[in-house]
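These are the residues of each chain, in order.
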Amino acid sequence: MTTPALLPLSGRRIPPLNLGPPSFPHHRATLRLSEKFILLLILSAFITLCFGAFFFLPDSSKHKRFDLGLEDVLIPHVDASKGAKNPGVFLIHGPDEHRHREEEERLRNKIRADHEKALEEAKEKLKKSREEIRAEIQTEKNKVVQEMKTKEKKPLPPVPIPNLIGIDGGDPEDNDIRKKREKIKEMMKHAWDNYRIYGWGHNELRPIARKGHSTNIFGSSQMGATIVDALDTLYIMGLHDEFRDGQKWIEHNLDFSVNSEVSVFEVNIRFIGGLLAAYYLSGEEIFKIKAVQLAEKLLPAFNTPTGIPWAMVNLKSGVGRNWGWASAGSSILAEFGTLHMEFVHLSYLTGDPVYYKKVMHIRKLLQKMDRPNGLYPNYLNPRTGRWGQYHTSVGGLGDSFYEYLLKAWLMSDKTDHEARKMYDDAIEAIEKHLIKKSRGGLTFIGEWKNGHLEKKMGHLACFAGGMFALGADGSRMDKAGHYLELGAEIARTCHESYDRTALKLGPESFKFDGAVEAVAVRQAEKYYILRPEVIETYWYLWRFTHDPRYRQWGWEAALAIEKYCRVSGGFSGVKDVYSSTPTHDDVQQSFFLAETLKYLYLLFSSDDLLPLDHWVFNTEAHPLPVLHLANTTLSGNPAVR
């Protein structure tokens, strides 16, 4: 059995539904037209375009451009001549009337000259034979292909490299803890080795059927999602032979020039995040090169009237669209709001501000919008710039947006005060309207739907316990203790959702209605698909409190996964956590290796492995370094580790 289409397949993200009509192969036209007739059609269209441009030239004085102008602040090594601006400038382009007329006349003359040149070239083409035209077309094709290959091989410029601390080690002093850590490492080996045997190159693994698996979030191509997602986990566990196997596959097989429609969000957090983390940990240039190649393929998704990206984009054509089920064709808050960390690092590593500008434009747009009760709705229409359905959640559809506001501040060495303010404002509204205490004394985070609170909490929302703890330091009005306690209360509630099942594994979501507390009611909410969020919260709270209960709870979860999810061909999710004889869903999610096992390993490691004052984890648990400006090399110098 495969995972039902309605299941959200990964951490802090939307349900990846199989939507829309199936894709059909493109067929060649059956009409046989001569090349000369085709050229005449093209010439006719070009002439029409030229005359249209001539008579309908836009008045440039009417156009305004909002310049974000902040890349100098967070990307100090970017060359100003390549697009960096002075901070906080609002530019209005409006030349005087005389200069405007001269510019219009210059454009008209240029169009006339181009028009005449095109006519002459077309006449010359029409004099040639069919074979000569075919040969020229093939020559042009070859030239374009060669230019693309040259561009891909072009080395990236040397840039400042953060001072990397704590990329290996982490051996615990306690012998019992060391044994538990080794057990987690053995579980990782079991998951990886079976993927290596039965699903190599596929996106994920079906461990019972023992074959590759994929979902529509990765498109129709075999992109090796598990390989990319697992690399940094392999590295920090010291599984370097396995890491090198993954690196070789990526170097020789990972190709983004495929006709495949992918989720911008999922590909960003798993692939770009995973490749960047692998680059920082290992220093291997191939990971940085591949991350930049993929990022360039995602940029067309931002070509919308508002700059809010589409949910999906075709890697080859650049055509984007949104999920068919999303409110009125909207983009999703947790998707377009979970790009900042990776895109800032892309600008940092390439010296190109385009990535930074894209995510800062999203932030500026959100800052200008009204928010009902101070809450961010989950849906925003990329065409109109208006909110869709008024549905707010800290679980699926909204979750990682809030996470990335906090982490943008942390990643900037706590200099991005704008991000911190947005986070604090949002959390205050969430605490006022969504966070409640049940009759039994359990603190939970509900969902706001059409003016009322739904007393239901998802497994995805359990990450928030760790987020509150992570954001406690630096909170307003000396409320650090309050938010640390709030994080601990959320952790307790999520532990109860595990403890009240037969398998000691948590359901996808659970209710707080009447006598029912922290328990799933509907059958469709009783599954567990190897999710990491509860264990993630245990790890953050362990780091900040060293309360032994979090290691105890984490070990309980690890034993339950080992007992009920482990099969001979890997690890599988289960369909009903309340059944003592569960049925498996036969999917080993890539995030199980990227997140769940990584957080378990870190939970039983010492704090000097990936210390939180030097590393920030993206929403797929890929560690990216804090950009300590004092710890970077000088701009333009070769990177030195």
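These numbers were taken from a predicted model, which means no experiment stands behind them.

**A short note on the UniProt feature "binding site: Ca(2+)" (unreviewed entry) in the protein**
Here is step 1 of the chain: In the numbering used here, UniProt assigns the "binding site: Ca(2+)" (unreviewed entry) feature to T619.
Here is step 2 of the chain: Tracing the chain through its elements places T619 in the loop between β18 (615-617) and β19 (623-625).
Here is step 3 of the chain: Polar contacts involving the side chain of T619 include one to the side chain of E403, which spans 2.9 Å.

**Some thoughts on the sheet that holds strand β13 (residues 456-458)**
Here is step 1 of the chain: Ordered by their spatial adjacency, three strands build an open sheet running β13-β14-β15, and the pairing between neighbours is antiparallel. Where the open sheet ends on each side, the last strands, each with one partner, are β13 and β15 (516-519). With direction set aside, neighbouring strand axes in the sheet form an average angle of 15°.
Here is step 2 of the chain: Bridge analysis of β13 against strand β14 (residues 509-513) gives three bridges, and the strand direction is antiparallel. Paired with K456 across the bridge in β14 is K511.

**So, the sheet that holds strand β3 (residues 261-263)**
Here is step 1 of the chain: Ordered by their spatial adjacency, three strands build an open sheet running β3-β4-β5, and the pairing between neighbours is antiparallel. In this open sheet, the two strands that pair with only one neighbour each are β3 and β5 (320-321).
Here is step 2 of the chain: Two elements, β3 and strand β4 (residues 312-314), share three bridges in a ladder whose sense is antiparallel. The partner of V262 across the bridge, within β4, is V313.

**Structural notes on empty space enclosed by the protein**
Here is step 1 of the chain: This model, assessed by the stated rule, comprises ten cavities of 30 Å³ or more.
Here is step 2 of the chain: By volume, the largest cavity is sized at about 150 Å³.
Here is step 3 of the chain: Lining of the largest cavity is provided by 13 residues; of these, G337, H340, V359, R363 and L405 occupy positions nearest its centre.
Here is step 4 of the chain: In terms of residue class, the lining of the largest cavity is built from ten nonpolar, two polar and one charged.

**What to know about the packing of aromatic side chains**
Here is step 1 of the chain: What the rule picks out here adds up to 25 aromatic pairs.
Here is step 2 of the chain: Centre to centre, the rings of F218 and F271 are 6.3 Å apart; their planes meet at 70°, and the pair counts as edge-to-face. Of the two residues, F218 is situated in the loop between β2 (211-213) and α6 (225-236) and F271 in helix α8 (residues 264-282); the sequence distance between them amounts to 53 residues.
Here is step 3 of the chain: In this structure F218 comes out as buried when scored by relative accessible area, which is 0%.
Here is step 4 of the chain: For F271, a relative accessible area of 0% puts it in the buried group.
Here is step 5 of the chain: Aromatic pair F510 and F512: ring centres 5.9 Å apart, planes at 70°, arrangement edge-to-face.
Here is step 6 of the chain: On the basis of relative accessibility, which here comes to 0%, the residue F510 falls in the buried class.

**Description of the state of the cysteines**
Here is step 1 of the chain: All told, the structure shown has one disulfide when counted by the stated rule.
Here is step 2 of the chain: One disulfide bridge connects C462 with C494, the sulfur atoms lying 2.1 Å from each other. Across the S-S bond linking C462 and C494, the dihedral sits near -95°, which makes this disulfide left-handed. In this pair, C462 is assigned in the loop between β13 and α15 (464-470) and C494 in helix α16 (residues 480-499), connecting sequence segments 32 residues apart. Like C494, C462 is buried.

**So, the environment of E620**
Here is step 1 of the chain: On the secondary structure map, E620 appears in the loop between β18 and β19.
Here is step 2 of the chain: Sequence separation between E620 and D229 is 391 residues, and the spatial gap between their C-alpha atoms is 8.1 Å.

**Re the UniProt feature "active site" (unreviewed entry) in the protein**
Here is step 1 of the chain: Mapped onto the present numbering, the UniProt feature "active site" (unreviewed entry) falls on E266, D399, E508 and E533.
Here is step 2 of the chain: Relative to the helices and strands, E266 resides in helix α8.
Here is step 3 of the chain: Assignment of secondary structure puts E533 in helix α17 (residues 533-545).
Here is step 4 of the chain: Residue classification places E533 among the buried residues on the basis of a relative accessible area of 0%.

**Comments concerning helix α7 (residues 240-253)**
Here is step 1 of the chain: Here α7 is 14 residues long and its end C-alpha atoms lie 20 Å apart, about the 20 Å a rise of 1.5 Å per residue gives.
Here is step 2 of the chain: On its buried side, α7 packs onto α5 (175-198), α6, α8 and α9 (285-298).

**Overview of the environment of G329**
Here is step 1 of the chain: Inspection of the secondary structure assignment puts G329 in the loop between β5 and β6 (331-332).
Here is step 2 of the chain: Residue G329 is classed as partly exposed on the basis of its relative accessible area of 29%.
Here is step 3 of the chain: Separated by 50 residues in the primary sequence, G329 and Y379 have C-alpha atoms spaced 8.8 Å apart.
Here is step 4 of the chain: Apart from residues no more than four positions distant in its own chain, G329 is found in contact with N322, N381 and P382.

**Things to note about the nonpolar core**
Here is step 1 of the chain: Counting 166 residues, the largest nonpolar core has I184, F271, M457 and F468 as the members making the most contacts within it.
Here is step 2 of the chain: Top element by residues in this core is α8. It accounts for twelve residues.
Here is step 3 of the chain: Residues contacting I184, with those up to four places away along its chain left out, are M237, W555, A558, L597, L600, Y601 and F604.

**A short note on the pairing of β15**
Here is step 1 of the chain: With three bridges joining them, β14 and β15 adopt antiparallel strand pairing. Along β15, the bridge assignment pairs K511 with V519.
Here is step 2 of the chain: Taken together, β14 and the strand that follows it, β15, pair antiparallel across an intervening segment of two residues, in which G514 is found at a positive phi of about 60°.

Rules used throughout
- Residues numbered from 1 in each chain as written.
- Predicted model: local features only at pLDDT ≥ 70, side-chain atom pairs only at ≥ 80, totals over all residues.
- Heavy atoms only, no water.
- UniProt positions renumbered as here; feature names shortened; annotations may be inferred.
- Helix = DSSP H or I, 4+ residues; strand = E, 2+ residues; numbered from the N terminus.
- Polar contact = N/O pair within 3.5 Å; in protein donor to acceptor, adjacent residues only side chain to side chain.
- Pairing = 2+ DSSP bridges.
- Axes fitted to C-alpha atoms, helices over the stretch in contact; angles between N-to-C directions.
- 1 Å grid on protein atoms, 1.4 Å probe; cavity = no way out; pocket = protein on both sides within 12 Å on 5 of 7 lines; lining within 4 Å.
- Points joined across faces, edges and corners; volume = space filled by probe spheres on them.
- Nonpolar A, V, L, I, M, F, W, Y, C, P; charged D, E, K, R; others polar.
- Phe/Tyr/Trp six-rings, centres within 6.5 Å; stacked < 30°, edge-to-face > 60°.
- Buried < 20%, exposed > 50% of the residue type's maximum accessible area, 1.4 Å probe, protein only.
- Disulfide = S-S within 2.5 Å.
- Expected span 1.5 Å × (residues − 1).
- Contact = heavy atoms within 4.5 Å.
- Core = buried A, V, L, I, M, F, W, Y, C linked by side-chain atoms within 4.5 Å.

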